[in-house]
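# Understanding the architecture of this molecule
Chain by chain, the residues run as shown.
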Amino acid sequence: MSRTALAALLLGAALAAPAVASADTSLTAAGSTALLPLVKASAEAYQNQHNDLKISVTGGGSRVGITQVAAKAVDLGMSDILAKGYPDLVDHRVCVVGFSVLTHPGINVKNVSKKQLQDIFAGKITNWKDVGGADVKIVVINRPRSSGTRAVFTQTIMGDVPVSETGLTEDATGTVITAVRTTPGAISYAAFSGTKKFEGGHYTTVEGIAELSIDNVAPSEENVQTGKYPIWSYEHIYTNGVANKDESRFLAFIQSNSAIIHQLGYILFRDMKVNETDR
Amino acid sequence: MTNVRAAGKAHRTERLALIVLRGASGFFIVSIALLIGYLAVEGTKLFTVDHKSIFEFLFSPTFAPDQGHIGALAFILGSLFVTAFAIAVGGPFGVAVGVFFAELAPKRVASAMKPAIEVLVGIPSVVYGWLGLTLLVPLIRNATGSTGFGLLAAGIVLSLMILPTVVSLSEDAMRVVPDSLREGSLALGATRWETIWRVLLPAASSGIGVAVILGIARAIGETLAIQLVLGNAPVIPAGLLSPASALTSEIVMDMGGAAQGSLLQHSLFSMAFLLLLIAMGLIVLVKLVARKAA
């Protein structure tokens, strides 16, 4: 459903692109649904200040963002992963995001080891009672190949262990959370921006799901900043070639708006005490 | 004079109309040819450019193009299973309703129900899928303890979706059976049931065959409605209650992220081409069945 809407939108964007480029009044962005909430909120705030610029933002998945910006179908491609093999794309790092391992709340498990997590996603452990929880069958919910979140999860947790595909596949952060909430025994992975909400000055898990600690490290902002919690990535926005005036202004606006970044569950670069190579 | 001028004008209008009609049909034929040609070229690049074997594409269950595996068997089987389920449930049911409308229903009921059935054809498939996701999936989940997503849910949604096609086409097939057959059968002392079962159904069999084949064609090409309830696991399903994928749902899940010229993109084009070949095969089948009747 979202894909068709996206395809229609991208087609529209592709057809409209020449007219738009000359008028310089519109920006389009597509890609990672982990980064989508930040870019969407930033676009709204930015448009309030700049009435003459129209910014449309859609999801689709990180690889969709990369392929679409490479095809010049959108101006900005949002991605959780590096765009390897696309020499024309220019990387603009926006922030850092952590990813939670989330479950249906009825399983009574709060913590798993990394090895147990691998075994669950590889299909070797199939019941929550085998990791100290309720007697409920485990339902693994994956993201499709186009997902950067899946790539980050695979890279940081699974390593060379192949992910079992026999569970469900959901194509966006939002639909993953809905599916986990409604499916007993479900487990999946999603960005903090989808699993947490900011209320009264601190983060809480959104209703209807539970977040797992890994090796007794909770999926918190602090644990990502100090590098204790393993699943996180830089969030990238790619432009095709050097960013033009409108693009670079909007990118600078996103990067500088630390209040929005923080409230939506993302982490500022300046708060990171480790970098990617420390993992 | 006026007559001559009027005739000349009529002549010009006629020529203009002819040009427009020829142009339109020419454009139509060229578009179709381009479409088939493009799909044929892109859909065979997997074999001509990437030098993968057709055998692997059709019979290997491992689909991981980033590691060089392009087996589409899981998707082919998924498509076949849901279609077979839909036709096994929706086919007989649809034909029965069609026969009822044509032979047994009071005129008022039939004339009220026909437009209602035709409205069902017009409901967008995303609506069927959405209803399946919100009503059917939880129902199956609660009844069976599975996730609710899978072949069963997709099969049920599809059998509802093909119903209008099968009902209206088989009703039409019954209606074109000449009244003389009905009258002759009844005059020989056959009951109404015997008349339908022994005389009318055999006489309408090719029309009903066409109805069922077009139902299959509708089912195998359906995308959104089944993508929402199928679970989209790219594996050969272990049973009716296991999540699965179909050719159509796999294309829609992965097309956005498939880089231009990648193995993934070529594999998806091959699946699209395969769907086109299946559709063409079904149309040929319709022609054969219809010709047999004539």
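Please read all numbers here as calculations on a predicted model, not as lab measurements.

### Regarding the overall build of chain B
Within chain B, the secondary structure is distributed over 12 helices and 2 strands. Starting at the N terminus and ending at the C terminus, chain B contains elements arranged as α-α-β-β-α-α-α-α-α-α-α-α-α-α. In terms of C-alpha radius of gyration, chain B reaches 24 Å, well past the compact-globule figure of 19 Å for 294 residues. A total of 294 residues make up chain B; the buried ones form 40% of that total. Of the contacts made within chain B by residues no fewer than 6 positions apart, 73% connect residues no fewer than 24 positions apart.

### A look at the packing of helix H5 (residues 125–144) of chain B against helix H6 (residues 151–175) of chain B
Residue and element names in this part refer to chain B. Contact geometry of H5 with H6 gives a least axis separation of 10 Å together with a crossing angle of 135 degrees. Taken as axis vectors, H5 and H6 run oblique relative to one another. Note that H5 runs across H6; the crossing there is right-handed. Here H5 contributes Ser125, Tyr128, Gly129, Gly132, Leu136, Val137 and Ile140 to the contact with H6, which in turn contributes Leu152, Ala153, Ile156, Val157, Leu160 and Met161.

### Focus: the interface of chain B and chain A
Counting from both sides, the interface comprises 20 residues of chain B and, opposite them, 21 residues of chain A. The set of elements that each furnish at least two residues to the side of chain B that touches chain A consists of helix H10 (224–230) and helix H11 (247–254) of chain B. Residue contributions to the side of chain B that touches chain A peak at 3 residues, all from H11(B). Of the residues belonging to the side of chain B that touches chain A, the class tally is 13 nonpolar, 6 polar and 1 charged.

### Concerning unusual backbone geometry
All names here are of chain A. Phi at Asn108 takes a positive value of approximately 60 degrees, unusual for a residue other than glycine. The exposure class assigned to Asn108 is partly exposed, which follows from the 14 C-beta atoms found within 10 Å. Notably, Asp215 is not glycine yet its phi reads approximately 50 degrees, a positive angle. You can see Asp215 is positioned in the loop between strand S11 (210–214) and helix H8 (221–225). Residue classification places Asp215 among the partly exposed residues on the basis of 14 C-beta atoms within 10 Å.

### Some words on helix H4 (residues 107–122) of chain B
Residues that lie three or four places apart on an α-helix share one face, since the helix turns once every 3.6 residues. Between its first and last C-alpha atoms H4(B) spans 24 Å; for 16 residues at 1.5 Å apiece the expected length is 22 Å, and the two agree. Within H4(B), only 0 of the 16 residues are buried, which leaves the element largely exposed.

### Overview of the pairing of strand S6 (residues 139–142) of chain A
A regular strand carries its side chains on alternate faces of the sheet. Residues and elements named next belong to chain A. Neither face of S6 is open: one carries Val139 and Ile141, the other Val140 and Asn142, and all of them are buried. With 2 bridges joining them, S6 and strand S8 (residues 186–191) adopt parallel strand pairing. Paired with Val140 across the two strands is Ile187, which belongs to S8. Relative to strand S7 (residues 168–169), S6 runs parallel, the two sharing 2 bridges. Among the inter-strand pairings, Ile141 is bridged to a residue of S7, identified as Leu168.

### Things to note about the nonpolar core
A:Val97, A:Phe99, B:Ala153, B:Val157 and B:Val229 are the most contacted members of the largest nonpolar core, which totals 144 residues. For this core, the element with the most residues is H6(B), which contributes 16 residues. When residues of this core are assigned to domains, at least three map to each of domain 1 (3–95 + 233–278) and domain 2 (98–226) of chain A. Not counting residues within four places of it along the chain, the set of residues in contact with B:Ala153 comprises B:Gly132, B:Leu136, B:Val137, B:Ile140, B:Gly148 and B:Val229.

### Notes on helix H3 (residues 62–70) of chain A
Residues and elements named next belong to chain A. Within H3, 9 of the 9 residues are buried, which leaves it mostly tucked inside the rest of the structure. Along H3, the residues that are buried comprise Ser62, Arg63, Val64, Gly65, Ile66, Thr67, Gln68, Val69 and Ala70. Lys72 lies just past H3 and shows a positive phi near 60 degrees.

### So, the pairing of strand S1 (residues 26–31) of chain A
Residue and element names in this part refer to chain A. Taking burial as the measure, the 6 residues of S1 include 5 buried ones, the bulk of the element. Where the polypeptide runs from S1 across helix H2 (residues 36–49) and back to strand S2 (residues 54–60), its parallel neighbour, the crossover connection is right-handed. Two elements, S1 and strand S3 (residues 76–79), share 3 bridges in a ladder whose sense is parallel. Among the inter-strand pairings, Ala29 is bridged to a residue of S3, identified as Leu76.

### Concerning the environment of A:Pro144
Within the element layout of this structure, A:Pro144 appears in the loop between S6 and helix H5 (148–158). For A:Pro144, a count of 22 C-beta atoms within 10 Å gives the class buried. Each C-alpha atom, one on A:Pro144 and one on A:Ala172, is 8.8 Å from the other, the two residues being 28 residues apart in sequence. In contact with A:Pro144, not counting residues within four places along its chain, are A:Gly61, A:Thr169, A:Asp171, B:Met253 and B:Asp254.

Rules and cut-offs
- The residue numbering used here restarts from 1 in each chain and proceeds along that chain's sequence as written.
- Chains carry letters and ligands carry numbers; both start at the beginning, A for chains and 1 for ligands, and go up in the order they are written.
- Only residues with pLDDT of at least 70 get local features here, since the model is predicted, and only at 80 or more are side-chain atom pairs given and counted; chain-wide, interface and lining totals rely on the full set of residues.
- Counting from the N terminus, the helices are the DSSP runs of H or I reaching at least four residues and the strands are the DSSP runs of E reaching at least two.
- Radius of gyration means the value over C-alpha atoms here, while the globule rule gives 2.2 Å times the residue count to the 0.38 power.
- Three exposure classes are used, based on other C-beta atoms lying within 10 Å of a residue's own C-beta, which is placed from the backbone: buried for 20 or more, exposed for 12 or fewer, and partly exposed in between.
- In this description, a residue-residue contact is defined by the distance between C-beta atoms placed from the backbone, which must lie within 7 Å.
- For helices, the fitted axis covers only the stretch in contact; all axes are lines through C-alpha atoms, and the angles between them, taken along N-to-C directions, range from 0 to 180 degrees.
- Here the word oblique covers every angle except those under 35 degrees (roughly parallel), over 145 (roughly antiparallel) and from 65 to 115 (roughly perpendicular).
- Rotating anticlockwise by less than a right angle from the far helix to the near helix defines a left-handed crossing, while the corresponding clockwise rotation defines a right-handed one.
- The nonpolar class holds Ala, Val, Leu, Ile, Met, Phe, Trp, Tyr, Cys and Pro. Asp, Glu, Lys and Arg form the charged class, and all remaining residues, Gly among them, are polar.
- What a helix should span is 1.5 Å times the count of its residues minus one.
- A strand pair is defined by DSSP finding two or more bridges across the two strands.
- Each nonpolar core comprises buried Ala, Val, Leu, Ile, Met, Phe, Trp, Tyr and Cys residues, the members being joined through C-beta atoms within 7 Å.
- Note: domain ranges come from an automatic or database domain assignment.
- Seen with the strands pointing away from the viewer, any crossover whose path from the first strand over the helix to the second strand runs clockwise is right-handed.

Everything listed is a geometric property; what it means functionally is a separate question.
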